[in-house]
Amino acid sequence: DTAVSQTPKYLVTQMGNDKSIKCEQNLGHDTMYWYKQDSKKFLKIMFSYNNKELIINETVPNRFSPKSPDKAHLNLHINSLELGDSAVYFCASSQGAGGGSPLHFGNGTRLTVT
Amino acid sequence: QQQVKQSPQSLIVQKGGISIINCAYENTAFDYFPWYQQFPGKGPALLIAIRPDVSEKKEGRFTISFNKSAKQFSLHIMDSQPGDSATYFCAARVGGSARQLTFGSGTQLTVLP
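Everything quoted here is computed from the prediction, not taken from an experiment.

Peer 1: Where do I start with the overall build of chain A in this structure?
Peer 2: When helices and strands are counted, chain A shows 0 helices and 11 strands. Along the chain direction, N to C, the helices and strands of chain A fall in the order β-β-β-β-β-β-β-β-β-β-β. Scaling as 2.2 N^0.38, a compact globule of 114 residues should have a C-alpha radius of gyration of about 13 Å, and chain A matches this with 13 Å. Seen along its three principal axes, the alpha-carbon backbone of chain A occupies a region of about 40 × 30 × 25 Å. In chain A, buried positions account for 45% of the 114 residues. Expressed as a percentage of contacts within chain A between residues at least 6 apart in sequence, the contacts between residues at least 24 apart total 53%. Accessible surface computed for chain A: about 5600 Å², of which carbon and sulfur atoms make up 48%. Distance from the positive charge centre (12 side chains) to the negative charge centre (10 side chains) of chain A: 6 Å.

So, in structure tokens, the structure goes:
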């Protein structure tokens, strides 16, 4: 049973296109995240939702828009894709208001923009 | 500005040896320090974590050593195995924050058979 699942696993597209990545968690967690991992493997948080409410919105171009239809789902839509958007995008979830609740990551979506 | 500095960037260890990865931080508001392990093609997974009220935490072959005064913490992998070959990330979180983890830059560990 996959706890945090992302689709698609690979996404190859051309500059200027719009694409979406979907994420679902079956852990019953109340908080979900999007992280970006660049080619040097550096992990950086992009967004966080708690109970469908946006609580973290890091300095990310407004071409990136997260959407949380319910607590178990957090999707990422990217408009007007650019070469620099190529990276691996990870969805994650956690439970609890701070206090050391571990993050559970999906297996990532490798986005390649050509 | 990188708030958690991790070293080395890569590490090669012989099977049975000890792997040591170090992290340093500046923000004294950090109060939770986890380590994540990432295998190729997978997402990071929590390996072990520590809070600053203890100086050491051990789980099997994995130990975190924490030095609050020096603002440093490290991961020790005893009896390293080829299956431990992965990328390791240290991280830190500000207490009471909106659950935002700041990650180190990662260490690529290779354990030779």
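Following the structure, the description resumes.
Peer 1: Where do I start with the overall build of chain B in this structure?
Peer 2: Counting its secondary structure elements, chain B contains 0 helices and 11 strands. Listing the helices and strands of chain B from first to last along the sequence gives β-β-β-β-β-β-β-β-β-β-β. Compactness check: chain B gives a C-alpha radius of gyration of 13 Å against a globular reference of 13 Å for 113 residues, within 12% of the reference. Along the first, second and third principal axes, the C-alpha atoms of chain B reach 40 × 30 × 20 Å. Looking at the 113 residues of chain B, the share that counts as buried comes to 43%. Put simply, 53% of the contacts in chain B that link residues at least 6 apart link residues at least 24 apart. In chain B, 11 positive and 7 negative side-chain charges are present, and the distance between their average locations comes to 5 Å.

About the criteria used
Residues numbered from 1 in each chain as written. Chains lettered and ligands numbered in written order. Predicted model: local features only at pLDDT ≥ 70, side-chain atom pairs only at ≥ 80, totals over all residues. Heavy atoms only, no water. Helix = DSSP H or I, 4+ residues; strand = E, 2+ residues; numbered from the N terminus. Rg over C-alpha atoms; globule rule 2.2 N^0.38 Å. Buried < 20%, exposed > 50% of the residue type's maximum accessible area, 1.4 Å probe, protein only. Contact = heavy atoms within 4.5 Å. Areas by Shrake-Rupley, 256 points an atom, 1.4 Å probe, with all protein chains shown as cover. Lys, Arg positive; Asp, Glu negative; His and termini not counted. Charge placed at Lys NZ, Arg CZ, Asp CG, Glu CD.

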